[in-house]
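# Observations on the three-dimensional arrangement
The chain contents come next:
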Amino acid sequence: MGVFAGIQDARETAGGNYLKPGVYDVEVMRLSKGETRKGVAFFAADLRVLGSNNAEHPIGQVVNWFVGFDKEPALGNVKNFAVAVLSVVGTVDPTTITEQVMEQMVDKGGEGVRGVRLRVQVNLVDTKGGNKFSRHLWFPAGTQIQATSAA
């Protein structure tokens with residue numbers, strides 16, 4: 001057997017380039033859902049940076065947003081993203097974001113929403129355990145929001 005034996009069954013992996021605190025204009029490149037190696041369901045978005053107030057994420061860089069469904073706020077976080085995406089193509093009532101809508105959105109890698117432009121504000125939030133997590137607030141492109149300090 002050669003070094004590439006079994007490659008047809010291999011899952012592609014990529015390390016995440018996650019957004020640090022700041023305000024960004026981004027373009028949706030790809031959406032996906034799946035399970036981690038530990039069996040945790042996830043939703044992920046690959047985004048191209050179009051504007052940034054954080055020098056660690058320059059224009060043109062590809063960044064990722066990952067939501068693991070092992071955390072309680074996962075569905076609400078994904079819903080906030082979906083509302084922003086769908087608001088770009090028309091008015092959307094958050095109550096219309098259903099499982100079927102999300103399945104359609106991620107179909108074929110998010111082909112139906114590829115190119116949608118958004119604005120995202122990322123803040124670090126303290127947890128009760130003394131750690132931090134990044135909170136992403138999603139908006140349609142052009143939305144005026146309060147800038148955060150960037151590293």
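Quick caveat, the model's predicted, so the values are computed rather than measured.

### A closer look at the environment of Gly22
With respect to the helices, strands and loops of the structure, Gly22 is situated in strand 1 (residues 22-35). Spatially, the C-alpha atoms of Gly22 and Asn54 are 5.8 Å apart, while their sequence positions differ by 32 residues.

### A few points about the side chain of Arg119
Tracing the chain through its elements places Arg119 in strand 4 (residues 117-126). For Arg119, a relative accessible area of 15% corresponds to the buried category. Every residue in contact with Arg119, bar those within four places of it in the chain, is listed here: Val23, Tyr24, Asp25, Leu137, Trp138, Phe139, Pro140, Ala141, Gly142, Thr143, Gln144 and Ile145.

### Here's the deal with the nonpolar core
Within the largest apolar cluster, 31 residues are counted, with the highest numbers of intra-cluster contacts made by Leu31, Phe81, Leu118 and Trp138. Mapped by element, the contributors of at least two residues to this core are strand 1, strand 2 (41-52), strand 3 (62-68), helix 1 (74-89), helix 2 (99-106) and strand 4. The element that contributes the greatest number of residues to this core is helix 1, accounting for eight residues. For Phe81, the residues in contact, after removing those within four places along its chain, are Val28, Leu31, Phe43, Ala45, Trp65, Leu118 and Trp138.

### Quick look at the sheet that holds strand 2
With antiparallel pairing, five strands are arranged side by side in an open sheet as 3-2-1-4-5. Only two strands of the sheet have a single partner each, and these edge strands are strand 3 and strand 5 (132-140). Recorded for the sheet is a direction-independent mean angle of 40 degrees between the axes of neighbouring strands. Pairing analysis gives seven bridges linking strand 2 to strand 3, with the strands arranged antiparallel. Bridging across to strand 3, Ala45 finds its partner in Trp65.

### Some words on the packing of helix 1 against helix 2
Remark: helix 1 packs on helix 2, axes separated minimally by 12 Å, with the N-to-C direction vectors making an angle of 65 degrees. With respect to their mutual orientation, helix 1 and helix 2 come out roughly perpendicular. Between helix 1 and helix 2 lies a crossing of left-handed hand. Contact residues: helix 1 offers Val78, Ala82, Val85 and Leu86, while helix 2 offers Val101, Met102 and Met105. Counted by class, the contact of helix 1 with helix 2 contains seven nonpolar, no polar and no charged residues.

Thresholds, definitions, all that
Residues numbered from 1 in each chain as written. Predicted model: local features only at pLDDT ≥ 70, side-chain atom pairs only at ≥ 80, totals over all residues. Heavy atoms only, no water. Helix = DSSP H or I, 4+ residues; strand = E, 2+ residues; numbered from the N terminus. Buried < 20%, exposed > 50% of the residue type's maximum accessible area, 1.4 Å probe, protein only. Contact = heavy atoms within 4.5 Å. Core = buried A, V, L, I, M, F, W, Y, C linked by side-chain atoms within 4.5 Å. Pairing = 2+ DSSP bridges. Axes fitted to C-alpha atoms, helices over the stretch in contact; angles between N-to-C directions. Parallel < 35°, antiparallel > 145°, perpendicular 65-115°, else oblique. Left-handed = near helix turned anticlockwise from the far one by under 90°. Nonpolar A, V, L, I, M, F, W, Y, C, P; charged D, E, K, R; others polar.

In short, geometric facts, not functional conclusions.
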